[in-house]
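What follows is the residue order along each chain.
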Amino acid sequence: STFVKWYKIIHEALHAPDDPGFNLASPYHCQIVTAGHAPFTRLNATYRFQIEDRKSCDARNSAMFFPSITAAPNKKLKVFTRPDAAIADGSSRTQACPAPLGGQVTLECNSGILR
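Reading guide: rules and limits
Residues numbered from 1 in each chain as written. Predicted model: local features only at pLDDT ≥ 70, side-chain atom pairs only at ≥ 80, totals over all residues. Heavy atoms only, no water. Helix = DSSP H or I, 4+ residues; strand = E, 2+ residues; numbered from the N terminus. Buried < 20%, exposed > 50% of the residue type's maximum accessible area, 1.4 Å probe, protein only. Contact = heavy atoms within 4.5 Å. Areas by Shrake-Rupley, 256 points an atom, 1.4 Å probe, with all protein chains shown as cover. Polar contact = N/O pair within 3.5 Å; in protein donor to acceptor, adjacent residues only side chain to side chain. Salt bridge = Lys/Arg side-chain N within 4 Å of Asp/Glu carboxyl O. Core = buried A, V, L, I, M, F, W, Y, C linked by side-chain atoms within 4.5 Å. Pairing = 2+ DSSP bridges.

Draft legend 1. Spotlight on the overall build of the chain. Helix and strand counts for the chain stand at one helix and nine strands. Reading the chain from its N terminus to its C terminus gives the helix and strand order α-β-β-β-β-β-β-β-β-β. Here the chain holds 115 residues, and 18% of them are scored as buried. At a minimum sequence separation of 6, the contacts of the chain that also span at least 24 residues come to 42%. Surface summary for the chain: the accessible area is close to 9200 Å², and the carbon and sulfur share equals 53%.

Dropping the structure here:
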């Protein structure tokens, strides 16, 4: 269900340690059992995240990009990658695309946000 997907994303975001590569396989060991939700209802939630003032990007950051291949007709393939070395704020780094893709990808770090 949509609620279960939402809950898993929020739970991981709030409880993940600040370690590079944490939970890349996203194993969920507990099962969520919902109750009291009426069909066709919508859950609305607003969250405020406070991000520390970071001056660089490293392996704890990841960025999404769209390679020039498509997964299916009219559907772009989304790929996530992380820098293989620290990137200073305001600079960029070109590195190899993640396997199995070939080529290069350029990552930029702006105010601790990787793009």
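Draft legend 2. Structural detail: the environment of Thr106. Positionally, Thr106 belongs in strand E8 (residues 104–110). When the C-alpha positions of Thr106 and Thr94 are compared, they lie 4.2 Å apart, and in sequence the two are twelve residues distant. The contacts of Thr106, once residues within four sequence positions are left out, are Ser92, Arg93, Thr94 and Arg115. There is a polar contact of 2.9 Å between the side chain of Thr106 and the side chain of Thr94.

Draft legend 3. Layout of the pattern of salt bridges. Tallied over the full model, the rule gives two salt bridges. In this structure, the salt-bridge partner of Asp58 is Arg60, at a minimum N-O distance of 2.9 Å. Accessibility expressed as a relative area gives 18% for Asp58, which makes it buried. Judged by relative accessible area, which is 32%, Arg60 ranks as partly exposed. Where Asp84 meets Arg93, a salt bridge forms, and the shortest distance between an N and an O atom there is 2.7 Å.

Draft legend 4. Representation of the nonpolar core within the structure. By size, the foremost hydrophobic cluster in this structure holds ten residues: Cys57, Ala63, Phe65, Val79, Ile87, Cys97, Val105, Leu107, Cys109 and Leu114. Mapped onto this core, the elements with two or more residues apiece are strand E2 (63–65) and E8. When residues of this core are assigned to their parent elements, the largest contribution, three residues, is made by E8. Among residues more than four places away in sequence, those in contact with Phe65 are Leu77, Lys78, Val79, Thr81, Pro98, Leu101 and Val105.

Draft legend 5. Seen up close, the sheet that holds strand E9 (residues 113–114). The three strands are arranged E7-E8-E9 in an open sheet whose pairing can be described as antiparallel. Here the strands that pair on one side only, and so sit at the sheet edges, are strand E7 (92–96) and E9. Where E8 meets E9, two bridges bridge the pair, whose relative direction is antiparallel. Looking across to E9, one finds that Cys109 is bridged to Leu114.

Draft legend 6. Quick peek at unusual backbone geometry. For Ser111, which is not a glycine, the phi torsion comes out positive at approximately 55 degrees. Within the fold, Ser111 resides in the loop between E8 and E9.

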